[in-house]
Amino acid sequence: MGYVAVKGGTTAIEESIKRLRYERLKDGRVIEVEVIKSCMRGLIDRIMSEGSIYSRDLAALAIKQAEGNPEEATFLLRAYRSTLPRMHYSRPIAPKDMCVERRISSAFKDIPGGQILGAAYDYVHRLLDFDLYNESKREILQWLHLYTETFSQEVPEDHGKLPKVIDLLRREGLMTETERDDTEPQDVTRDNIRFPTRRSERLQILTRGETGAVTALGYAAIRGYGIVHPTVGELRVGYLPVHLDYPMANSQTEDDVIYIGEIQVTEVETLVPEVREENGKAKIEFSIGYGICYGQNETKAIAMSVLDNCLEKSHINSPVHDEEFVLMHIDCVEATGFISHLKLPHYVTFQSELDSVRKTREGKQHDEKI
Amino acid sequence: MMKKYNFAFFDEGSKREIRRATLKAIAIPGYQVPFASREMPIARGWGTGGLQLTLSLIGRDDIIKVIDQGADESVNAVNIKKLIISTTGVQDTEKTAEATLIQSRHRIPEVELREDQIIVLQVPLPEPLRTIEPSEYKTKKLHADQDYNGIWLMLFEQIMKHGRMSTGADHPVQVHGRYIMAPSPIPRFDNQKLNDSKTLTLLGAGREKKIYAVPPYTKVQSLAFADYPFTVEDMSAKVCRLCGTTGVYMDELFDRDTEETYYQCNDVSYCLQRENKEMDDLR
Amino acid sequence: MHQQERPLLTIKNLNKQFGCGCSHCRDTQGHNLEDNYCPVCGTVYACRNVSLKVYPAEILGVVGESGSGKSTLLRCLYFDQDSTSGEGYIHGYNEGRTNIFTETSQQKNYIRNHLLGMVYQNPYLGLRMNFSSVGNIAEKLIGAGNRKVDFMAARAQELLAAVNIPTYRMKEAPEKFSGGMQQRVQIAKALSNNPPLLLLDEVTTGLDLSVQANVLDLIKVIQRDLKIGMIVVSHDLAVIRMLTDRTIVMLNGRIIEHGLTDQVLEDPQHAYTQQLVYSLL
């Protein structure tokens, strides 16, 4: 008989899960979560960002469970996140308070505080390093010891805080003036999303977006389907402190906060030249595109800033300026889910379609008895 | 750091929020209520909308039945049922009449449902107007204005081309004379079961973040023209090879040995109960 | 003669502006504008205090150069654009007692589907290019609540025949048609539910001369046979002269002259109209 996959589902699933476990373990080796946490910074950062939860431990666990498959690992974190009650909201975090580890500006050569290259892949040669096959623990500890000895012991007075590049332009009146907007941001994971969206919703969906999808659409935007070449005003990677209101306190003073830790983020501000008419004269100024995400995810953060700017200009007729086109299709869990659902059986629906197709071949409805 | 999961997976706040959206959906039959759809432990597009409804509603005394394309034992149904049971510990059943809560993908059971039962349908694409208008912002407006010319025109064009409407499953319906609604990809055969049903029907689309409902005893009309009435899949001459029933929705199968097409009830539990002679008084 | 009759359409002080205006241009009766444009904030005052009446079975011409606000006027009447302020009353909707501009979008749909027909200069605005021509006409009937396929198909065929679309092409999509044919399908569509008022926006612009004559003849015939009221917008005085009974002349969003068409064209009063008429001679 043909494909009658309606019986024995329970057993089939159990066997499939066993087989999956076998694939993970078949070489008789186990990777420790701690090792993943120490050695897979790139993957962890990406998954925290897409998974929308800041926890290196959980990300490492998810990576282990998913055998390093980023879409699965993201999925695990997201599903876990759904079960967490929202106990507190942090105080607003000001990115200007960032303890900066890396910071570059493509707009100015000389910026107050200087360019800080920090840790980056930008200038490594992408040559496979076969020596990594034989890296020994003794050697790396020795190297670590020597290298860290060169670190300065003094904590800088400003705790690594640096002035923002775009403030320079803003002081000169070259930035598009925007009104300060302190309305409570909308949380798309707690409240349903509605179109047209508010910027807080857009930024949240973009920062949760799948890295490849955000990059692809950002790329499309600067290649010809959106804004012309933007300039990275500033890209910074560093740590931001997170504070909560002291739970019992009534007053909202500075003292009633609890420091709960810090998060590493990548923040990007891109500058996009824009012509505006004022008093009948054309005036060029810069509008901003904003990108931020957990961990060190530079390409994603830049692409996000490009898309943020594009979505502010919804009147332009191009897919990357269409908020529904961008925001509805870049989420990893949604996209992979719906694509993969095509694997589910569709035989009721197909049967119905088949009935319809056969009837249309038979001819007009009016010629038969109803 | 990892904590154990709550009863029915969600925290209670999330459940309440989903129930609030559900109440609104019942109050406005056929209207798609947006909600903050959660990520679930199963993939988006695999029934997460239905699952969120089920988990927000389920209590310890509920008896759950899960079906996928008519079958309790299909892998996806089993998988969803397993998750519900492992996070709640409730009892499950394959018998439609015994269940208090039924989650189904693309079928409404053959046994008529009762007032004390709830059926939850999984929905992949909740927007019946999506084929004629890709933008959510615009389809919302069309619904608000009750501007349904586009979808009627689509059906008109089908008749112009093929001499009849050529919709398959998910044939659009109008609920309570107001909203046009996607009944989820149930066969046209099941559309009629929604009309004036004794049961509350809830529809959940997880990926598209919408909940909608058909309350009990509500008028549900399949869209059709006065001179081209709605027709269902023709099951009249088909007999189930296993239980001998006629007039229910059948799967078409092919016997490789005899090279003949034969039919089997799509609703597997119904078929089994008929075979075991448990069904006479139920139908 | 018109004075005894009730007007089909009455428009009072219709205003439409693009932009929010500023202290420089607001409430100044247009004194600080350059034409109809505020040089400070960039607001365009497309229609300014436009008032007019259309009587049953009458053709009213609206003439003016491009940018004078005549197309915007039609778009506002057909609710394609929200008017900024003003009143509109149409006989046949609530006995002409309700301001149509402040009705809900649901009611506006009703008015559009039952009482109005519109023919755009650009057929892409008025037709669903990839639906069949028959379907395009049925859409308007569906909008007016019709649910009988055979009736709608027959009506569509009748109308398409009336505008000289050959029977064997009626199920084709307008995207496959020439510009003149598309325009004729649009007219058929606009006529489908016998609207008392038809709005025509530069319907012959961009068509070949022979096709133009063809379309104009068609409009004439329709008006004579069906007794439909029309507003014909055109920058082409020949079209105005041939079709219309009365004419209004628009400049920078305002009506600067109105009267019987012959009168306006033979003896223009306003300097701008004079220039317009004499430049053509």
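Keep in mind it's a predicted model, so treat the numbers as computed, not measured. Numbering of residues starts from 1 in every chain and runs along the sequence as written. Just so you know, chain letters begin at A and ligand numbers begin at 1, following the order they were written in. Side-chain atom pairs in this predicted model are given and counted only at pLDDT of 80 or more, local residue features only at pLDDT of at least 70, and totals for whole chains, interfaces and linings cover all residues. Values shown for side chains rest on all heavy atoms present in the structure; no hydrogens or waters enter the calculation.

Draft legend 1. How the structure looks around the interface of chain B and chain A. In what follows, residue pairs with any heavy atoms lying within 4.5 Å of each other are defined as contacts. Each side of the interface is counted separately: chain B has 74 residues, and chain A has 64 residues. Defined here as a combined quantity, buried area equals the accessible surface (1.4 Å probe) lost by two parts on assembly, summed across both. Here chain B and chain A share an interface that buries about 5,800 Å² over both sides, 57% of which is from carbon and sulfur atoms. By definition, a salt bridge exists where a carboxyl oxygen of Asp or Glu is found within 4 Å of a side-chain nitrogen of Lys or Arg. Summed over the shared surface of chain B and chain A, the number is 6 salt bridges. The salt bridge involving A:R208 is made with B:E39; its shortest N-O contact spans 2.9 Å. Each polar contact in these results corresponds to two N or O atoms within 3.5 Å; when the atoms are within protein, one needs to be able to donate a hydrogen and the other to accept it, and residues that are neighboring in sequence are counted only if both atoms are side-chain atoms. If you look at where chain B meets chain A, you find 32 residue pairs in polar contact (both at pLDDT 80 or more). Only runs of H or I of at least four residues qualify as helices and only runs of E of at least two qualify as strands under DSSP, and these elements are numbered from the N terminus. The set of elements that each furnish at least two residues to the side of chain B that touches chain A consists of α1 (12-27), α3 (75-88), α4 (136-144), β11 (250-255), β12 (260-265) and α7 (268-275) of chain B. Counted by class, the side of chain B that touches chain A contains 34 nonpolar, 16 polar and 24 charged residues. In this classification, Asp, Glu, Lys and Arg are treated as charged, Ala, Val, Leu, Ile, Met, Phe, Trp, Tyr, Cys and Pro as nonpolar, and every other residue, Gly included, as polar.

Draft legend 2. Structural view of the sheet that holds strand β7 (residues 229-234) of chain C. Residues and elements named next belong to chain C. Here, any two strands with at least 2 DSSP bridges between them count as paired. On the basis of which strands lie adjacent, the open sheet formed by 6 strands has the order β5-β6-β7-β3-β8-β9 and mixed pairing. Edge positions in the open sheet fall to β5 (116-119) and β9 (254-260), since each of these has one partner strand only. Averaged over all neighbouring strand pairs, the angle between strand axes comes to 15°, with direction disregarded. Of the pairings in the sheet, the one linking strand β8 (residues 246-251) to β9 comprises 6 bridges and is antiparallel in character. By the bridge assignment for β9, T247 is matched with G259. To define axes, lines are fitted to C-alpha atoms, for helices over the stretch in contact only, and angles between the resulting N-to-C directions are given on a 0 to 180 degree scale.

Draft legend 3. Up close: the pattern of salt bridges. Tallied over the entire structure, the rule returns 59 salt bridges over all chains. Across the pair A:E334 and B:R44 runs a salt bridge whose closest N-O atoms are separated by 2.9 Å. Residue A:E334 is located in helix α12 (residues 332-340), and its partner B:R44 is located in the loop between β1 (33-34) and α2 (48-57); the two belong to separate chains. Whether a residue is buried, partly exposed or exposed follows from its accessible area with a 1.4 Å probe, protein chains only, as a fraction of its type maximum: under 20%, in between, or over 50%, in that order. On the basis of relative accessible area, A:E334 is assigned to the buried category, the value being 10%. For B:R44, a relative accessible area of 1% gives the class buried.

Draft legend 4. Examining the domain arrangement of chain A more closely. Residue and element names in this part refer to chain A. Here the limits of each domain have been adopted from an automatic or database domain assignment. When its domains are assigned, chain A resolves into domain 1 (10-81) and domain 2 (95-330). Listed per partner, the contact involves 12 residues of domain 1 and 16 residues of domain 2. Joining domain 1 to domain 2, the criterion identifies 1 salt bridge. Salt-bridge contacts for R46 lead to E210; the nearest nitrogen and oxygen are separated by 2.8 Å. Counting the contacts that link domain 1 with domain 2 gives 12 residue pairs in polar contact (both at pLDDT 80 or more). Of all elements in the fold, only α3 (41-51) and α5 (70-81) reach the threshold of two or more residues within the side of domain 1 that touches domain 2. A class-by-class count of the residues in the side of domain 1 that touches domain 2 yields 3 nonpolar, 2 polar and 7 charged.

Draft legend 5. How the structure looks around unusual backbone geometry. With an omega of -5°, the peptide bond between A:F195 and A:P196 qualifies as cis. Checked against the element boundaries, A:P196 lands in the loop between α7 (165-171) and α8 (199-208). Residue C:N49 is not a glycine yet carries a positive backbone phi of 45°. In this structure, C:N49 sits in strand β2 (residues 44-54). The backbone of C:N164 shows a phi angle near 65°, a positive value even though the residue is not glycine.

Draft legend 6. Up close: the interface of chain B and chain C. Listed by partner, the interface residues are 18 residues for chain B and 21 residues for chain C. Taken over both partners, the interface formed by chain B and chain C buries close to 1,700 Å², and the fraction arising from carbon and sulfur atoms is 60%. For the interface between chain B and chain C, the tally reads 0 salt bridges. In this structure, the connection of chain B to chain C is made through 8 residue pairs in polar contact (both at pLDDT 80 or more). Per-element tally for the side of chain B that touches chain C: the top contributor is helix α5 (residues 149-162) of chain B, with 9 residues. Partitioning the side of chain B that touches chain C into residue classes produces 10 nonpolar, 3 polar and 5 charged.

Draft legend 7. Representation of the packing of α3(A) against α5(A) in the model. All names here are of chain A. Look at α3 against α5: their axes get within 8 Å of each other, and the N-to-C directions meet at 45°. In this view, α3 runs oblique relative to α5, as classed from their interaxial angle. In this structure, α3 meets α5 at a crossing whose hand is right-handed. On α5, the residues that touch L43, R46, I47, E50 and G51 of α3 are P70, A73, T74, L77, R78 and R81. Grouping the amino acids of the contact of α3 with α5 by side-chain chemistry returns 5 nonpolar, 2 polar and 4 charged. For this classification, under 35 degrees means roughly parallel, over 145 means roughly antiparallel, 65 to 115 means roughly perpendicular, and everything else is oblique. Less than a right angle of anticlockwise turn of the near helix away from the far helix marks a crossing as left-handed, whereas a clockwise turn marks it as right-handed.

Draft legend 8. Highlighting the pairing of β11(B). Residue and element names in this part refer to chain B. The sheet contact formed by β11 and β12 spans 6 bridges and is antiparallel. Looking across to β12, one finds that L253 is bridged to Y262. In this antiparallel pair of consecutive strands, β11 and β12, the connection spans 4 residues, and E259 shows a positive phi of 55°.

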